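Structural overview for review
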Amino acid sequence: MDLISVIKRKKGSAVTDVVIGAAVIVFVLLPIFSFIAEKFIVLDKAQMIKDAVDMTNISTYNAMLAGSLGKEEVSLSHGEAEEIFISLLAANLNLKPDLSPMPQ
Amino acid sequence: MPVRVIVTGIVLVVTIAVLVYVVEFFLPLSAKSDMNVICRDTLLKMETAGGLSTNERLDMESELMTRGFLNIVANGTENEKQGEALRLHVEADYTYNKLTALFIRNNITQHMSYDKTSMSRKVIN
């Protein structure tokens, strides 16, 4: 039996169709779906963390020393900036004040 | 031969049902993403305005309703001076139609919330 006659053969098997269909779903569609879904979820989580950090960074501008701005100097009160940053980051990422995770 | 056609048809229907289920999986994720964007924009406006005004709250709620959210509850700090904390807390329900079995579709309601704190940048004399 040569290859050409096998390819040209019109008779098939219903069981083969079902097995191939199931194999396509299990080994092709499901892994692709899992990959895309995981990628989407990770990107979404990263965006949420980025937004929280952006909000916190913008808020640290409140620690800028207004007096020095008049002298064309941009300086921050480091202690106040750190306090604002840590408190807002903990609030926005749902962490404890020491930035450790909240209990479940 | 007719058996093969029937079996092929059934396999095709099952494959299409799996594809539809896969695509519908992303609907609530996309809605939550949109909610985060809308609420983030509102919080940024709150920073410069010193709080959440009634007009701003109504604009945000109408935008969320356009996106498909229902039962929207929005609470935000109304007025704070520079350096004080501003909090925006929004809760809403997102209802969508989902394939739950091979030929059965049901309405699924997902409850979503947004809760972020920022700092006022408005100088009040």
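Residues numbered from 1 in each chain as written. Chains lettered and ligands numbered in written order. Predicted model: local features only at pLDDT ≥ 70, side-chain atom pairs only at ≥ 80, totals over all residues. Heavy atoms only, no water.

**Structural notes on the overall build of chain B**
Which entries qualify depends on this criterion: Starting at the N terminus, helices and strands are each numbered in turn, a helix being any DSSP run of H or I of at least four residues and a strand any DSSP run of E of at least two. As a reference, a globule follows 2.2 Å times the number of residues to the power 0.38, and the radius of gyration itself is taken over C-alpha atoms. A contact between two residues is defined here by any heavy atoms of the two lying within 4.5 Å. All tallies of charge rest on Lys and Arg as positive and Asp and Glu as negative; His and the ends of each chain are not included. Every charge is mapped to an atom, namely NZ of Lys, CZ of Arg, CG of Asp or CD of Glu.
Secondary structure summary: chain B contains 3 helices and 3 strands in total. Traced from its N-terminal end to its C-terminal end, chain B shows the element sequence α-α-α-β-β-β. Its C-alpha atoms give chain B a radius of gyration of 22 Å, clearly above 14 Å, the size a compact globule of 125 residues would have. Taking the principal axes of the C-alpha coordinates as reference, chain B spans close to 85 × 20 × 15 Å. Looking at chain B alone, contacts between residues at least 24 apart form 63% of all its contacts between residues at least 6 apart. Where the 13 positive side-chain charges of chain B centre and where its 14 negative ones centre are 7 Å apart.

**Details of the pattern of salt bridges**
All names here are of chain B. Selection rule: Note on definitions: salt bridges are taken to be side-chain nitrogens of Lys or Arg within 4 Å of carboxyl oxygens of Asp or Glu. Accessibility here uses a 1.4 Å probe with only protein chains present; expressed as a share of the type maximum, an area under 20% marks a residue as buried, one over 50% as exposed, and anything in between as partly exposed.
Enumeration according to the criterion identifies 9 salt bridges over all chains in this entry. Notably, a salt bridge pairs Arg-105 with Glu-24, separated by 2.2 Å at the nearest N-O pair. One end of the pair, Arg-105, is in strand S3 (residues 104-119); the other, Glu-24, is in helix H1 (residues 2-25), and 81 residues separate them in sequence. The exposure class assigned to Arg-105 is partly exposed, which follows from its relative accessible area of 39%. Residue class for Glu-24 comes out buried when judged on its relative accessible area of 9%.

**Notes on the interface of chain B and chain A**
Going by this rule: By buried area we mean the combined loss of accessible area, with a 1.4 Å probe, across both parts when two parts are placed together. Side-chain atoms alone can form a polar contact between residues adjacent in sequence; in general such a contact is a pair of N or O atoms within 3.5 Å, and within protein one must be able to donate a hydrogen while the other accepts it.
Of the residues lining the interface, 28 residues belong to chain B; the matching set on chain A comes to 27 residues. Roughly 2,400 Å² of surface becomes buried between chain B and chain A when both sides are summed, with 70% attributable to carbon and sulfur atoms. Area buried by chain B at its contact with chain A is led by Arg-4, Arg-40 and Met-119 of chain B, which between them contribute 22% of it. At the junction of chain B with chain A, the criterion picks out 2 salt bridges. The residue Asp-54 of chain A makes a salt bridge to Arg-40 of chain B at a minimum N-O spacing of 3.6 Å. Run the count over chain B and chain A and you get 5 residue pairs in polar contact (both at pLDDT 80 or more). Where the side of chain B that touches chain A is concerned, the elements lending two or more residues are H1, helix H2 (27-49) and S3 of chain B.

**Considerations on the nonpolar core**
Heads up, the rule is: For the purposes of this section, nonpolar cores are sets of buried Ala, Val, Leu, Ile, Met, Phe, Trp, Tyr and Cys residues that join through side-chain atoms within 4.5 Å.
Counting 21 residues, the largest nonpolar core has Met-35, Met-60, Leu-64, Phe-69, Leu-88 and Val-90 of chain B as its most contacted members. The residues contacting Phe-69 of chain B, other than those within four sequence positions of it, are Ala-31, Met-35, Leu-64, Ala-92, Asp-93, Tyr-94 and Met-112 of chain B. In this structure, Ile-25 and Leu-29 of chain A together with Val-22 and Phe-26 of chain B belong to the second largest nonpolar core, which totals 7 residues.

**Some remarks on helix H3 (residues 54-67) of chain B**
All names here are of chain B. As a reminder, the rule being used: A helix is expected to span 1.5 Å for every residue after the first. Working definition: the arc comes from the directions between the helix axis and the C-beta atoms, pointing outward to the latter.
The end-to-end C-alpha distance of H3 is 20 Å, a good match for the 20 Å that 14 residues give at a rise of 1.5 Å each. Taken together, the buried positions of H3 are Glu-56, Met-60, Glu-61 and Leu-64. Down the axis of H3, the buried set is contained in an arc of 135°. They therefore lie on one face. Residues of H3 that are exposed and point over 90 degrees away from its buried face: Asn-55, Met-65 and Thr-66. Where H3 is buried, its residues touch H2, strand S1 (69-76) and strand S2 (85-101). Looking at the residues trailing H3, positive phi occurs at Gly-68, about 115°.

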